[in-house]
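Listed here are the chains, written in short residue letters.
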Amino acid sequence: MKRFHVVLNAFSDDIEKQISEICGLTEYLLEDVKKGNTFIVGDGKMDEDDKHRLAEMAPTKSVIFVILKNLHTEMILDCLMETMCFGDVYLFGSSSFGQEMAIRLGKRSDGSSATGCQWAALSESIVYVKKQVYSNHMMATFCMENSPFCISAARGLEGAMPKAGKSEKEIKTIDKTKDQYPANLTNTIFEEKKPSGGLQTASFVLVGGRGVKNKAGADALARAAEGIHAEFGASRPVVMNAWAAMDKLIGVSGSMIHPKVCITAGVSGAAALYAGIEKSGFIIAINRDENAPIMRKADVVIVDDCQEVLRALQICMEKERADETQAD
Ligand SMILES: Cc1cc2nc3c(=O)[nH]c(=O)nc-3n(C[C@H](O)[C@H](O)[C@H](O)COP(=O)(O)OP(=O)(O)OC[C@H]3O[C@@H](n4cnc5c(N)ncnc54)[C@H](O)[C@@H]3O)c2cc1C
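Residues numbered from 1 in each chain as written. Predicted model: local features only at pLDDT ≥ 70, side-chain atom pairs only at ≥ 80, totals over all residues.

### Focus: the overall build of the protein
- Within the protein, the regular secondary structure consists of nine helices and 14 strands.
- Oriented by its inertia axes, the alpha-carbon framework of the protein measures out at about 75 × 50 × 35 Å.
- Within the protein, the proportion of its 328 residues that are buried is 38%. (Helix = DSSP H or I, 4+ residues; strand = E, 2+ residues; numbered from the N terminus. Buried ≥ 20, exposed ≤ 12 C-beta atoms within 10 Å, placed from the backbone.)

Right, dumping it as structure tokens:
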């Protein structure tokens, strides 16, 4: 018999949202999944009333509070591993905490993990999940074979909140506030990511193609994009080789963009890619091959090595910016 466990982060004040997301995901889990524990991770400031209120909302009968000094994922992973049984399913909300926990628990326990899922179902010893891929253009079904199954919900998923049951909740508390951090870890620091409007709204985009050659080439192009204040996008071979993240994909299977200026570098201009950039105001193509299809479609073409051209462009733009600052 499989059990499903829910892990909620009470350091964040959106517990109801986390439960609703997880209930949206579990609506489809078959009924032979026996309910397990709801782990609620929080700090020592939680009083008995807070605990009672949170326990009432929990989707399982058994509730385990894990009390920590601060949100330390290593200690939570230890707790989950201690009670883990073969075949268990662990469900997390959509936040970065949920995603991190799903991935790390799956890895640590030699199980499997899937993040951003919209649907999950169980069939014998396999868990199937559905999630959106290719910048939300397609829905894919993944098959998870290794237990335990660690799954985080997709953002915005909504399910019916569990009704407050007549039966009393079984509440247990694990106090880890006095535990020492593992020797190799003393604290966790979160670094804020610079906000970015993303490819869909960018007015200046640099798209790298297979001509970047490898991961180092793609990274150099991404840095060049930053240097010239452009958003970085990539063609399919670049993302399929994992030289860039999947959400950078431009074209019919990825983002369809409409910037004022689009520079393509080492891109041949296949129809599937071009459909994603044709609404650009102005296209500049850099390619070593003057006969590549993109060279007939672009407004300006540069026949040269793309990395060299971009290095030169970056130097020009930096000089221009410095001159402007001096003039001010
Ligand atoms: C159903 C379907 C959906 C698809 N969806 C997409 C999609 O959404 N997006 C997408 O991109 N593709 C998609 N494709 C794939 C698409 O058909 C092409 O295969 C792909 O766009 C080619 O990518 P590329 O231009 O980077 O590579 P290539 O076609 O291999 O071109 C590389 C180019 O780089 C040039 N080059 C090499 N070295 C250098 C250098 N040093 N400096 C300058 N230039 C250099 C070469 O001359 C060449 O023109 C899809 C295909 C199918 C069948």
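Still more to cover.
### Section: the pairing of strand S11 (residues 231–234)
- Neither face of S11 is open: one carries Glu 231 and Gly 233, the other Phe 232 and Ala 234, and all of them are buried.
- Both strand S10 (residues 204–208) and S11 contribute to a ladder of four bridges, which runs parallel. Each bridged residue has a counterpart across the sheet, and for Leu 206 the counterpart in S11 is Phe 232.
- Following the chain from S10 across helix H5 (residues 215–227) to the adjacent parallel S11, one finds a crossover that is right-handed. (Pairing = 2+ DSSP bridges. Right-handed = clockwise from strand over helix to strand, strands pointing away.)

### Some points on the nonpolar core
- With 42 residues, the main nonpolar core has Leu 25, Ile 40, Val 41, Tyr 90, Leu 91 and Ile 151 as its most contacted residues.
- It is strand S3 (residues 62–68) that provides the largest number of residues to this core, a total of five residues.
- Ile 151 has contacts with Leu 25, Val 89, Leu 91, Ala 102, Ala 114, Cys 117, Ala 120 and Val 129, leaving out every residue within four places of it along the chain.
- In terms of nonpolar packing, the next biggest core, distinct from the first, is built from 37 residues, Ala 224, Ala 225, Val 239 and Leu 310 among them. (Core = buried A, V, L, I, M, F, W, Y, C linked by C-beta atoms within 7 Å. Contact = placed C-beta atoms within 7 Å.)

### Digging into the site of the ligand
- Lining the immediate environment of the ligand, one finds 25 residues, of which Gly 209, Gly 211, Arg 236, Gly 251 and Ser 268 sit closest.
- Secondary-structure elements contributing two or more residues to the shell around the ligand are helix H6 (236–240), helix H7 (271–277) and strand S13 (282–287).
- When its residues are assigned to classes, the shell around the ligand shows eleven nonpolar, nine polar and five charged. (Near = placed C-beta within 6 Å. Nonpolar A, V, L, I, M, F, W, Y, C, P; charged D, E, K, R; others polar.)

### Details of the packing of helix H3 (residues 73–82) against helix H4 (residues 96–108)
- The contact between H3 and H4 brings their axes to 11 Å, and the two run at 50 degrees. With respect to each other, H3 and H4 are oriented oblique. In this structure, H3 meets H4 at a crossing whose hand is right-handed. Counting all contacts with H3, which are made through Thr 73, Ile 76, Leu 77, Leu 80 and Met 81, the residues of H4 involved are Glu 100, Met 101, Arg 104, Leu 105 and Arg 108.
- Grouping the amino acids of the contact of H3 with H4 by side-chain chemistry returns six nonpolar, one polar and three charged. (Axes fitted to C-alpha atoms, helices over the stretch in contact; angles between N-to-C directions. Parallel < 35°, antiparallel > 145°, perpendicular 65-115°, else oblique. Left-handed = near helix turned anticlockwise from the far one by under 90°.)

### Here's the deal with the domain arrangement of the protein
- With domains assigned, the protein is organised as domain 1 (2–175) and domain 2 (204–327).
- The centre of domain 1, based on its C-alpha atoms, is set 40 Å off from the matching centre of domain 2. (Domains from an automatic or database assignment.)

### What about H4?
- A rise of 1.5 Å per residue sets the reference length of H4, with its 13 residues, at 18 Å; its end C-alpha atoms lie 18 Å apart and thus fit the reference within 8%.
- Listing the buried residues of H4 in full gives Phe 97, Gly 98, Met 101, Ala 102, Leu 105 and Gly 106. The buried residues of H4 all sit within an arc of 145 degrees when viewed along its axis, so they share a single face.
- Those residues of H4 hidden inside the fold are in contact with strand S1 (2–9), H3, strand S4 (89–92), strand S5 (112–123) and strand S8 (149–153). (Expected span 1.5 Å × (residues − 1). Arc of directions from axis to C-beta.)

### What to know about the sheet that holds S10
- The five strands are arranged S11-S10-S12-S13-S14 in an open sheet whose pairing can be described as parallel. Of all the strands in the sheet, the pair left with one neighbour each is S11 and strand S14 (300–303). Strand-to-strand, the axes of this sheet are offset by a mean angle of 20 degrees, without reference to chain direction.
- As paired strands, strand S12 (residues 261–265) and S13 are joined by five bridges and run parallel to one another. Bridge assignment links Ile 263 to a residue of S13, and that residue is Ile 284.

### Section: the packing of H5 against helix H9 (residues 306–327)
- It is at 10 Å that the axes of H5 and H9 come closest, and there the two elements cross at 25 degrees. With respect to H9, the element H5 is oriented roughly parallel. Relative to H9, the crossing made by H5 is left-handed. Facing H5, whose interface residues are Gly 217, Ala 220, Leu 221, Ala 224 and Gly 227, H9 presents Gln 307, Leu 310 and Gln 314.

### Quick word on unusual backbone geometry
- Pro 148 follows Ser 147 through a cis peptide bond whose omega is 0 degrees.
- Along the polypeptide, Pro 148 turns up in the loop between strand S7 (138–144) and S8.
- One non-glycine residue, Asp 110, adopts positive backbone phi at about 60 degrees.
- Among the secondary structure elements, Asp 110 is positioned in the loop between H4 and S5.
- Unusually for a residue other than glycine, Ala 242 sits at a positive phi of about 60 degrees.
- Relative to the helices and strands, Ala 242 resides in the loop between H6 and S12.

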